[in-house]
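# Overview (structure and organization)
Chain by chain, the residues run as shown.
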Amino acid sequence: MQNAVILINVEKGAIRSVAERLADLDGISEVYSTCGRYDLVAIVRTRDFESLATLVTERLNSVDGIRDTETLNALQVHSRHDLDAMFSVGL
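So, a few notes on the structure that sits alongside this text. (Residues numbered from 1 in each chain as written. Predicted model: local features only at pLDDT ≥ 70, side-chain atom pairs only at ≥ 80, totals over all residues. Heavy atoms only, no water.)

## Considering the overall build of the chain
Scanning the chain from terminus to terminus reveals three helices and four strands. Looking at the chain residue by residue over its 91 residues, the buried ones come to 29%. Here the contacts in the chain between residues at least 6 apart in sequence split such that 69% fall between residues at least 24 apart. About 6400 Å² of surface is accessible on the chain, with carbon and sulfur atoms providing 50% of the total. (Helix = DSSP H or I, 4+ residues; strand = E, 2+ residues; numbered from the N terminus. Buried < 20%, exposed > 50% of the residue type's maximum accessible area, 1.4 Å probe, protein only. Contact = heavy atoms within 4.5 Å. Areas by Shrake-Rupley, 256 points an atom, 1.4 Å probe, with all protein chains shown as cover.)

Structure, rendered in structure tokens:
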């Protein structure tokens, strides 16, 4: 299993459309719109490095509106917390 975080900047006015297209791609489990230096953060989980490479170098290129990306390939997991619990605001 390969895990990665992809930091994404998009064209003005394209955050929602790019996020929706990314969320439909196999291997991308979540897409967050964010404040700060990057517009979107995609959480990626693929079966192997080759699948991750294909996602980053080919399938992301097919999404119109992406200006640039930075991929952070995870080396080790240091927490086993459920992502839903981590991002829950207790509503």
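## Examining the pairing of strand E1 (residues 2-10)
Among the nine residues that make up E1, seven are buried, leaving the element largely enclosed by the rest of the structure. Two strands pair when backbone bridges link them, and E1 and strand E3 (residues 40-46) are joined in this way by seven bridges, in the antiparallel orientation. Across the sheet, Asn 3 pairs through a bridge with Arg 45, a residue of E3. Bridge count between E1 and strand E4 (residues 66-73): seven bridges; the pairing is antiparallel. The partner of Asn 9 across the bridge, within E4, is Asp 68. (Pairing = 2+ DSSP bridges.)

## Observations regarding the pairing of E3
Strand residues, when the strand is regular, have side chains that alternate between the two faces of the sheet. With six of its seven residues buried, E3 lies for the most part within the structure. Both strand E2 (residues 28-33) and E3 contribute to a ladder of five bridges, which runs antiparallel. Along E3, the bridge assignment pairs Ser 33 with Leu 40. Once E2 ends, the chain turns through six residues before running back antiparallel as E3, passing Gly 36 with a positive phi of about 110°.

All we've got here are geometric facts, nothing functional implied.
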